Amino acid sequence: MNETTFTSFSDRIPASLKDFTPFAKASDRNTWNSISDEFRNFILKQAENALQILRSKGWPQLNISLWHDFYKNGNRVNFENHHFNRRTLLIILVLAECFEHKGRFLEDITDGIFLICEESGWHLPAHNSYTRDTPQLPYPDSSRPIFELFAGETANLLSLTWYLLKEELDADSPMICERIQYELERRIITPYLTEHFWWMGNDDEPMCNWTPWCTQNALLAAFILPHSDELRKKILQKAFYSLDCFLKDYGEDGCCSEGAEYYRHAGLTFYNACDIINRVTDKLTESVYSIPKIKNIAEYILNMNIPHSEYFFNFADCSPRAGKSGAREFLFGKAVHSDALCSFAADQWKASSTEEKLFNLTADKLSQSNMYYTLQSIFADKEILEGLQKKTEPLSRNIWYKSIGVFIVHKGIFSAAAKAGNNADSHNHNDTGSFILYKNGEPFIIDVGVENYTQKTFSPQRYEIWTMQSSYHNLPELNGIMQQDGKEFRAEEVKTEENSISMNIAKAYPSSAGVKSYSRRISVSEEGLDIDDSIVFNDKDRALTVMNLMVKEKPLVNSSSMTITVGTTGSIRVKTDASETDISVEPIEIADSRLRRTWPETIYRIKIKAENASEIKLTAK
């Protein structure tokens, strides 16, 4: 590992470290009474609904049979729905008590606290292993807690509940907060210091969003609850190493290989970890914000946005509806002195519903309830609204993310992105050479995204899932062969110009495809998008190309003119030198709930079958 941005501060940690006191406690009535009625009324209404649920149905039950569903049949949703709903109910009740402060919610809050403290494991069944990429165990081992993403999220929630309401809970009994402390020590602090979980980093081992996300929550637990300076120093030193391990996998351009949706779990949790560190160490690492790479990480999200739209370019396991930006993006922009990011976040904040502001909704809605992010939103609101008065024009620029191979062009009413790189990104889909096109801010030629996660999603059978396959991206099958996964399956001879990118994607396919060279040029103008493909097969008697195009609206094919009209969005003109060209349309029913948050009941795959073709040209306008 070459980067030592944070570990270089290890020998300069102050002898005395501050408690982390991020927000006003519930007892600070002047501050809580000054918060926007928009938030107060929304949370209190949600809390009334929560009380009705609790009175009629009780708290969601996490039966061990739900846990075992994942091990038996790969179903993640049954357990996770109950897990996340239980925590969301507690978040709403805690916030409601902070706003109202009459004790009306304290008994139910105590119920929620003890239910969570009594769970066999805070982690998810899908993460129930101790070594990376090994099979999950059938049941949680309470004697050896696993610290993963959602154990960390639970620590986040209980730490802040302790912080906000300790005085009020202690008035009932100190045992409530003592139980929180006991469980946080047992399940989070001790494992963090004594175990090595893969996301902590190990030399050049690849990291992902787990690293800053878990680190953020370890820091919250260590610095909100009382701990010795000696223990906190050990926490910081371990966090420094992990954050450097995370940064090593980013190029200088700051591109997130996991996509725009995962930026919220990667770049923004990295910012929160930095912010906590600086606030408890008298700004020890604040100079990190001046590093260009860190600013590039921050601004990635606005570059992936389709201008004047709620959509984002969405390669990998990312939804095109990756969630509106808000408080965290604004604060990160402020830290790295990016007026463009602050303005972008403020604009999206203004366009967000109250629920979106408070709960950071994305296509993966359930997992976004996070007490810390909600509090950041509540307490940053006034500053963001002031930022709207200092509006600067958001960036809308062509950009080449060389580190991952993502190229973005905006021309007139068209916005397009292309993917070079290779098929080994974190949350990878086999999509080398694919592209996405938006027209007037609406999806035209699309990347479908990913279905709800199951046991199969992160297993050796991942590429049996249709959404992961190159044939369900905007790519050809060559002699009936799709692309394969792995770093060796890549684009070569990549060149970019102002409004175009070219590459040879032959190596993205296995040798069985029988292709010697497949040159693709993608160019964008104010008239639309042009795809120019040149193909050289090894054997002219085995030369079949089937081009796939994914679209949202129903296409109508005019075979005589080789034109495809795609709903009301636009048209695609096809030209080939093939001995025979056939265009067909395949409807694809969308039943998965995660995909249905973005797409209608039916989307479509256009299949352009070209025999003995050496040239295929597509024009979308």
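Criteria and cut-off values
- Residues numbered from 1 in each chain as written.
- Predicted model: local features only at pLDDT ≥ 70, side-chain atom pairs only at ≥ 80, totals over all residues.
- Heavy atoms only, no water.
- Axes fitted to C-alpha atoms, helices over the stretch in contact; angles between N-to-C directions.
- Helix = DSSP H or I, 4+ residues; strand = E, 2+ residues; numbered from the N terminus.
- Parallel < 35°, antiparallel > 145°, perpendicular 65-115°, else oblique.
- Left-handed = near helix turned anticlockwise from the far one by under 90°.
- Contact = heavy atoms within 4.5 Å.
- Nonpolar A, V, L, I, M, F, W, Y, C, P; charged D, E, K, R; others polar.
- Expected span 1.5 Å × (residues − 1).
- Salt bridge = Lys/Arg side-chain N within 4 Å of Asp/Glu carboxyl O.
- Buried < 20%, exposed > 50% of the residue type's maximum accessible area, 1.4 Å probe, protein only.
- Pairing = 2+ DSSP bridges.
- Core = buried A, V, L, I, M, F, W, Y, C linked by side-chain atoms within 4.5 Å.
- Phe/Tyr/Trp six-rings, centres within 6.5 Å; stacked < 30°, edge-to-face > 60°.
- Polar contact = N/O pair within 3.5 Å; in protein donor to acceptor, adjacent residues only side chain to side chain.
- Disulfide = S-S within 2.5 Å.

**Looking at the packing of helix α8 (residues 210–224) against helix α9 (residues 229–248)**
Then, number 1: The contact between α8 and α9 brings their axes to 10 Å, and the two run at 165 degrees. Looking at the two axes, α8 sits roughly antiparallel to α9. The way α8 lies across α9 gives a crossing that is left-handed. On α9, the residues that touch T211, P212, T215, L219, A222 and F223 of α8 are R232, I235, L236, A239, S242, L243 and F246.
Then, number 2: Looking at side-chain class alone, the contact of α8 with α9 contains nine nonpolar, three polar and one charged residues.

**Here's the deal with helix α4 (residues 77–100)**
In an α-helix, one full turn covers 3.6 residues, which means residues spaced three or four apart are oriented alike.
Then, number 1: Under the 1.5 Å per step criterion, the end-to-end length of α4 is 34 Å for 24 residues, consistent within 8% with the ideal 34 Å.
Then, number 2: In the segment just after α4, H101 is the residue with positive phi, at about 60 degrees.

**Remarks on the pattern of salt bridges**
Then, number 1: Using the criterion set out here, one finds 35 salt bridges in the structure.
Then, number 2: Here K72 makes a salt bridge to D69, at a shortest N to O gap of 3.9 Å. Of this pair, K72 and D69 both sit in helix α3 (residues 64–73), three residues apart, which is roughly one turn of the helix.
Then, number 3: Relative accessible area serves as the criterion here: at 57%, K72 is assigned to the exposed category.
Then, number 4: Judged by its relative accessible area of 13%, D69 falls in the buried class.
Then, number 5: One salt bridge connects R179 with E183, and the closest N-O pair in it is separated by 2.9 Å.

**Regarding the pairing of strand β16 (residues 570–576)**
Then, number 1: Here strand β15 (residues 563–566) runs beside β16; their pairing, made up of four bridges, is antiparallel. Residue pairing for β16: V566 is matched across the bridge by G570.
Then, number 2: Adjacent in sequence and paired antiparallel, β15 and β16 are bridged by three residues, among which G567 carries a positive phi angle near 50 degrees.
Then, number 3: Strand direction decides the pairing type here: β16 and strand β19 (residues 615–620), joined by five bridges, are antiparallel. Across the sheet, the residue bridging to I572 is A620, located in β19.

**Regarding helix α13 (residues 327–335)**
Then, number 1: Counting buried residues along α13, eight of its nine residues qualify, which places the element largely inside the surrounding structure.
Then, number 2: H337 sits one or two residues past α13 and shows a positive phi near 60 degrees.

**Things to note about the nonpolar core**
Then, number 1: Of all hydrophobic cores here, the largest spans 151 residues; its most connected members are I109 and F332.
Then, number 2: With residues up to four places along the chain from it excluded, the contact list for I109 reads L90, L93, V94, E97, T161, L165 and L169.

**Here's the deal with the sheet that holds β16**
Then, number 1: The strand order β9-β10-β11-β12-β19-β16-β15-β14 describes an open sheet built from eight strands, whose pairing is antiparallel. If you trace the sheet from one side to the other, it starts and ends with β9 (492–496) and β14 (555–558), each paired once. Across this sheet, the average inter-strand angle for adjacent strands is 15 degrees, counted without regard to direction.
Then, number 2: Relative to β15, β14 is paired through four bridges, and the arrangement is antiparallel. Looking at the pairing, N558 lines up with T563 of β15.

**Points about the packing of aromatic side chains**
Here a ring pair, both rings aromatic, is described through the centre-centre distance and the interplanar angle of the planes.
Then, number 1: A full pass over the atoms with the stated rule returns 28 aromatic pairs.
Then, number 2: Between W198 and W210, the ring centres sit 5.0 Å apart and the planes meet at 40 degrees, which makes this aromatic pair tilted. Of this pair, W198 sits in the loop between α7 (175–194) and α8 while W210 is found in helix α8, placing the two residues twelve residues apart along the sequence. Both residues of the pair, W198 and W210, belong to the buried class.
Then, number 3: A ring pair is formed by W400 and F407, whose centres lie 6.2 Å apart and whose planes are at 65 degrees; its orientation type is edge-to-face.
Then, number 4: When its relative accessible area of 27% is taken as the criterion, W400 is described as partly exposed.
Then, number 5: Put simply, the rings of F20, F23, W32, F99, Y372 and F379 pair up and form one aromatic cluster.

**Examining the side chain of T602**
Then, number 1: With respect to the helices and strands, the residue T602 is situated in strand β18 (residues 602–611).
Then, number 2: When its relative accessible area of 17% is taken as the criterion, T602 is described as buried.
Then, number 3: Among the polar contacts listed, one links the side chain of T602 to the side chain of E589, at a separation of 3.1 Å.
Then, number 4: Residues within four places of T602 in sequence aside, it is in contact with K552, P587, I588 and E589.

**Here we look at the state of the cysteines**
Every disulfide links exactly two cysteines, by a covalent bond between their sulfur atoms.
Then, number 1: Under the criterion given, the structure shown has zero disulfides.
Then, number 2: We note that C117 lacks a disulfide partner, and the nearest cysteine sulfur, in C177, lies 10 Å from it.
Then, number 3: Here C214 stays free of any disulfide, with the sulfur of C208 as its closest cysteine sulfur at 8.7 Å.
Then, number 4: For C214, a relative accessible area of 0% puts it in the buried group.

**Focus: the environment of N128**
Then, number 1: Relative to the helices and strands, N128 is located in the loop between α5 (106–117) and α6 (149–172).
Then, number 2: Spatially, the C-alpha atom of N128 lies 7.4 Å from that of I146, the residues being 18 residues apart in sequence.

**Let's talk about the environment of S593**
Then, number 1: Locating S593 in the fold gives a position in helix α17 (residues 593–596).
Then, number 2: Its relative accessible area of 39% is what places S593 among the partly exposed residues.
Then, number 3: In terms of polar contacts, S593 uses its side chain to reach the side chain of N452, at 2.7 Å.

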